[in-house]
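# Summary of the model geometry
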Amino acid sequence: MDINEIFHITKLDEFINNIIEPVMLYDEKGVLLYSNESAENIARVEQLVKIRKKLTFNEQVIYFETAELKEEKGDAFKYIYSKEVETILNTINDGIYISDSKGFTLLVNDKYAEMTGIAKNEVEGRHISELIFSGYKGQDRCNRIIIKKNG
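First, a word on scope: everything that follows refers to the structure included in this document. (Residues numbered from 1 in each chain as written. Predicted model: local features only at pLDDT ≥ 70, side-chain atom pairs only at ≥ 80, totals over all residues. Heavy atoms only, no water.)

### Structural notes on the overall build of the protein
What counts is decided by this rule: Put simply, DSSP marks the helices as runs of H or I at least four residues long and the strands as runs of E at least two long, and each gets a number from the N terminus on. Areas reported here follow the Shrake-Rupley algorithm with a probe of radius 1.4 Å; residue values treat only the protein chains shown as occluding.
A tally of helices and strands in the protein yields 6 helices and 8 strands. When the helices and strands of the protein are placed in sequence order, the string is α-α-β-β-β-β-α-β-β-α-α-α-β-β. If you sum the accessible surface of the protein, you get close to 9700 Å²; carbon and sulfur atoms cover 48% of it.

### Some thoughts on the pattern of salt bridges
As a reminder of what qualifies: Any carboxyl oxygen of Asp or Glu within 4 Å of a side-chain nitrogen of Lys or Arg constitutes a salt bridge here. Summary of the burial criterion: residues with accessible area below 20% of their type's maximum are buried, those above 50% are exposed, and those between are partly exposed, where the area comes from a 1.4 Å probe applied to protein chains only.
Scanning the model with the defined rule gives 5 salt bridges in all. Two residues, Arg52 and Glu65, come together in a salt bridge whose shortest N-O distance is 3.1 Å. Remark: Glu65 occurs in strand β4 (residues 60-69) and Arg52 occurs in strand β3 (residues 48-57); sequence separation between them is 13 residues. On the accessibility criterion, Arg52 (46% relative accessible area) is partly exposed. For Glu65, a relative accessible area of 8% translates into the label buried.

### What about the packing of aromatic side chains?
In plain terms, the rule: In summary, the pairing rule links any two rings of Phe, Tyr or Trp, Trp by its six-membered ring, whose centres are within 6.5 Å, and it sorts them by plane angle into stacked for under 30 degrees, edge-to-face for over 60 and tilted for everything else.
This model, assessed by the stated rule, comprises 4 aromatic pairs. Here the aromatic rings of Phe57 and Phe133 are separated by 5.2 Å at their centres, their planes lie at 85°, and the arrangement is edge-to-face. Taken together, the residues span a long stretch of sequence, with Phe57 in strand β3 and Phe133 in helix α6 (residues 128-133) at a distance of 76 residues. Note on accessibility: Phe57 and Phe133 belong to one class, buried. Between Tyr97 and Tyr112, the ring centres sit 5.9 Å apart and the planes meet at 45°, which makes this aromatic pair tilted. Highlighted residues: Tyr97 in strand β5 (residues 97-99) and Tyr112 in helix α4 (residues 110-116), separated in sequence by 15 residues. Owing to a relative accessible area of 14%, Tyr97 belongs among the buried residues under this scheme.

### Here's the deal with unusual backbone geometry
Here the phi dihedral of Lys11 falls at roughly 65°; this positive angle occurs in a residue that is not glycine. Relative to the assigned elements, Lys11 resides in the loop between α1 (3-10) and α2 (12-17). By relative accessible area, Lys11 is classed as partly exposed at 39%. The phi dihedral of Asn58 is positive, around 55°, even though this residue is not glycine. Secondary-structure assignment places Asn58 in the loop between β3 and β4. What makes Asn58 exposed here is its relative accessible area of 56%.

Note that all results are geometric; they support no functional claim without further evidence.
Given below as structure tokens:
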């Protein structure tokens, strides 16, 4: 399977083009497959932290690489997780799906798992494009994404 088939199924290229930070996709040999416009300016930006995550589409592996500016205050403005937050989210009677700005799933609550029939561990940590490719379908409703397993 080539990158164009993955783009056709998942719209990953469109998603990446809407990310402000530079994003590059590499194959397992390190060959650049795709990058957004921000990636062209990456050499000009100082104090970047590179982040690389592995995406899997059947046997095809692609590495999603991006860069973020280092923050002087460390992780103060990053997503904060605790048992208390998890308890609060699991008492809410709505399904909650939380992802980062790059499309990686951070958290889903128990109600989300119940509503969709998808186990939390099937979704958390995975990129939205992997979920779509694996047979989950996304629906944009009121600025939130609801993912359900195709049946």
